[in-house]
Amino acid sequence: MQVLYPGSFDPLTLGHLDLIERGAQMFDRLVVAVLRNPSKNPCFSVEQRLAQIRSATAHLGNVEAAGFDGLTVDFAKRTATAAILRGLRALSDFDYELQIAHTNKSLAPELETLFLATATSHSFLSSSVVKEVARFGGNVAHMVPEGVANDLSRLFNRTSS
Ligand code: ADP
């Protein structure tokens, strides 16, 4: 069974990676799908985010990364995906995630949404927190894969110089 793990991943965190590793053990194939969403004004281009994901998941033979435009359900249909995987960090994620799951179900009844609870050690992590810490020169080595930490320091050193 193939599952799609869609999101912004701007950038990939160790919380995302934990979910990917656990999902990869459960399903035949896991596609990390990076949404091209210009309205979110991302720090990293889709190509940079795909490179970050590919490098951090190189040890996982059944994981691939792809960019997509438009509706997640349409991309899922085009790629013969059986289910969408999402992570739940806290109760605060729940309303939003349930709303998206119901919307997707109304658009594509054959597609299921599956939730994995975040590892407690990573439940405080979000891409925006990571960017905020990195922007002000804080250490993010325990929050993101090494390649992402390097990209963040390059990004913020350059903009501040
Ligand atoms: P989106 O913009 O779609 O919310 P994100 O990149 O923020 O995209 O998140 C993608 C998915 O990863 C979501 O299901 C989110 O709940 C999950 N996620 C975010 N942070 C973590 C984390 N620290 N641990 C596990 N899952 C997470």
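Here Ile53 is to be found in helix H2 (residues 46-56). Along the primary structure Ile53 and Leu19 are separated by 34 residues, whereas in three dimensions their C-alpha atoms are 13 Å apart. In this view, Ile53 contacts Phe9, Leu12, Val32, Val34 and Ala65; residues no more than four positions away in its chain are not counted.

With the rule as written, the count across this model stands at two aromatic pairs. Measuring from ring centre to ring centre gives 5.1 Å for Tyr5 and Phe9, while their planes differ by 70°; the resulting arrangement is edge-to-face. With respect to class, Tyr5 is no different from Phe9; both count as buried. An angle of 20° between the planes, with centres 5.0 Å apart, marks the rings of Phe68 and Phe75 as stacked.

So, about the nonpolar core. In terms of nonpolar packing, the biggest core is built from 33 residues, with Tyr5, Ile20, Leu30, Val32, Val140, Val144 and Leu152 touching the most fellow members. Counting residues per element, the ones that place at least two in this core are strand E1 (2-7), helix H1 (14-26), strand E2 (29-35), H2, strand E3 (63-68), strand E4 (83-88), helix H5 (127-135) and helix H6 (146-160). Residues contacting Val140, with those up to four places away along its chain left out, are Val130, Val133, Ala134, Ala149 and Leu152. Membership of the second largest hydrophobic core comes to 11 residues, among which are Leu4, Val73, Ile84 and Leu111.

Turning to the site of the ligand, a few remarks are in order. The local shell around the ligand holds 16 residues, among which Tyr5, Ser8, Phe9, Lys40 and Gly87 are the closest. Gly87 has a polar backbone atom sitting 2.6 Å from an oxygen atom of the ligand. Elements with a minimum of two residues in the shell around the ligand: E1, H1 and E4.

Let us look at the pattern of salt bridges. One pass over the full model with this rule turns up 10 salt bridges. In this structure, the salt-bridge partner of Asp18 is Arg22, at a minimum N-O distance of 2.8 Å. Remark: Arg22 and Asp18 occur in helix H1; sequence separation between them is four residues, near one turn of the helix. Overall, the relative accessible area of 15% leaves Asp18 in the buried class. Look at the salt bridges and you will find they share partners, linking Asp10, Arg49 and Lys131 into a network.

So, how was this worked out
Residues numbered from 1 in each chain as written. Predicted model: local features only at pLDDT ≥ 70, side-chain atom pairs only at ≥ 80, totals over all residues. Heavy atoms only, no water. Helix = DSSP H or I, 4+ residues; strand = E, 2+ residues; numbered from the N terminus. Contact = heavy atoms within 4.5 Å. Phe/Tyr/Trp six-rings, centres within 6.5 Å; stacked < 30°, edge-to-face > 60°. Buried < 20%, exposed > 50% of the residue type's maximum accessible area, 1.4 Å probe, protein only. Core = buried A, V, L, I, M, F, W, Y, C linked by side-chain atoms within 4.5 Å. Near = heavy atom within 4 Å. Polar contact = N/O pair within 3.5 Å; in protein donor to acceptor, adjacent residues only side chain to side chain. Salt bridge = Lys/Arg side-chain N within 4 Å of Asp/Glu carboxyl O.

The values are spatial; any link to function lies outside them.
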